[in-house]
Structure formats: C-alpha cells, structure tokens
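Read off the chains here:
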Amino acid sequence: MGEDVWLGCGCKILAGAEISDGAVIGAGTVISGKVEDNTICFTKREYCEKARK
C-alpha cells in the first residue's frame, strides 16, 4: 500500500494486490492486481482510469 491512498467503504484488497501512491479505490471495489500511481478504480473489477493528479 502506497502513500496518500484512499479506500472506499467495503472495498476488498485481495492477497498479492499492490496499490501505488495516490490511488483511489471506490466503495465495493475488488482489487486483485496492481494499481498504478494516481489511478482511480471503482465498481467494475477491471476498470481503472488514470486521471488523478
């Protein structure tokens, strides 16, 4: 888990997942892989959008 990471209510971070600096994980999202720096991930398991600066 990186620095300045925000986790929404009820999200699930599975074993082996990596969350980089500045990521935002939306409520109820399941994370199983790598989330890059400054990425917003929400609802759909595979949808991530690099939009945060």
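As a reminder, the structure under discussion sits directly above these lines.
Thresholds, definitions, all that
- Residues numbered from 1 in each chain as written.
- Predicted model: local features only at pLDDT ≥ 70, side-chain atom pairs only at ≥ 80, totals over all residues.
- Heavy atoms only, no water.
- Helix = DSSP H or I, 4+ residues; strand = E, 2+ residues; numbered from the N terminus.
- Buried < 20%, exposed > 50% of the residue type's maximum accessible area, 1.4 Å probe, protein only.
- Contact = heavy atoms within 4.5 Å.
- Areas by Shrake-Rupley, 256 points an atom, 1.4 Å probe, with all protein chains shown as cover.
- Salt bridge = Lys/Arg side-chain N within 4 Å of Asp/Glu carboxyl O.

### Thoughts on the overall build of the chain
Phase 1 of the analysis: Broken down by element type, the chain carries zero helices and eight strands.
Phase 2 of the analysis: Listing the helices and strands of the chain from first to last along the sequence gives β-β-β-β-β-β-β-β.
Phase 3 of the analysis: Considering the chain as a whole, with its 53 residues, one finds that 25% of them fall into the buried category.
Phase 4 of the analysis: When contacts within the chain are restricted to residue pairs at least 6 apart in sequence, those whose partners lie at least 24 apart make up 6%.
Phase 5 of the analysis: When the accessible surface of the chain is totalled, it reaches about 3700 Å², and 53% of it is carbon and sulfur.

### A look at the pattern of salt bridges
Phase 1 of the analysis: Applying the stated criterion across every chain, the model contains one salt bridge.
Phase 2 of the analysis: Glu18 is the partner of Lys34 in a salt bridge, and the nearest nitrogen-oxygen pair spans 3.6 Å. Placement of the pair is Lys34 in strand β6 (residues 34-35) and Glu18 in strand β3 (residues 18-19), with a sequence separation of 16 residues.
Phase 3 of the analysis: Residue class for Glu18 comes out partly exposed when judged on its relative accessible area of 45%.

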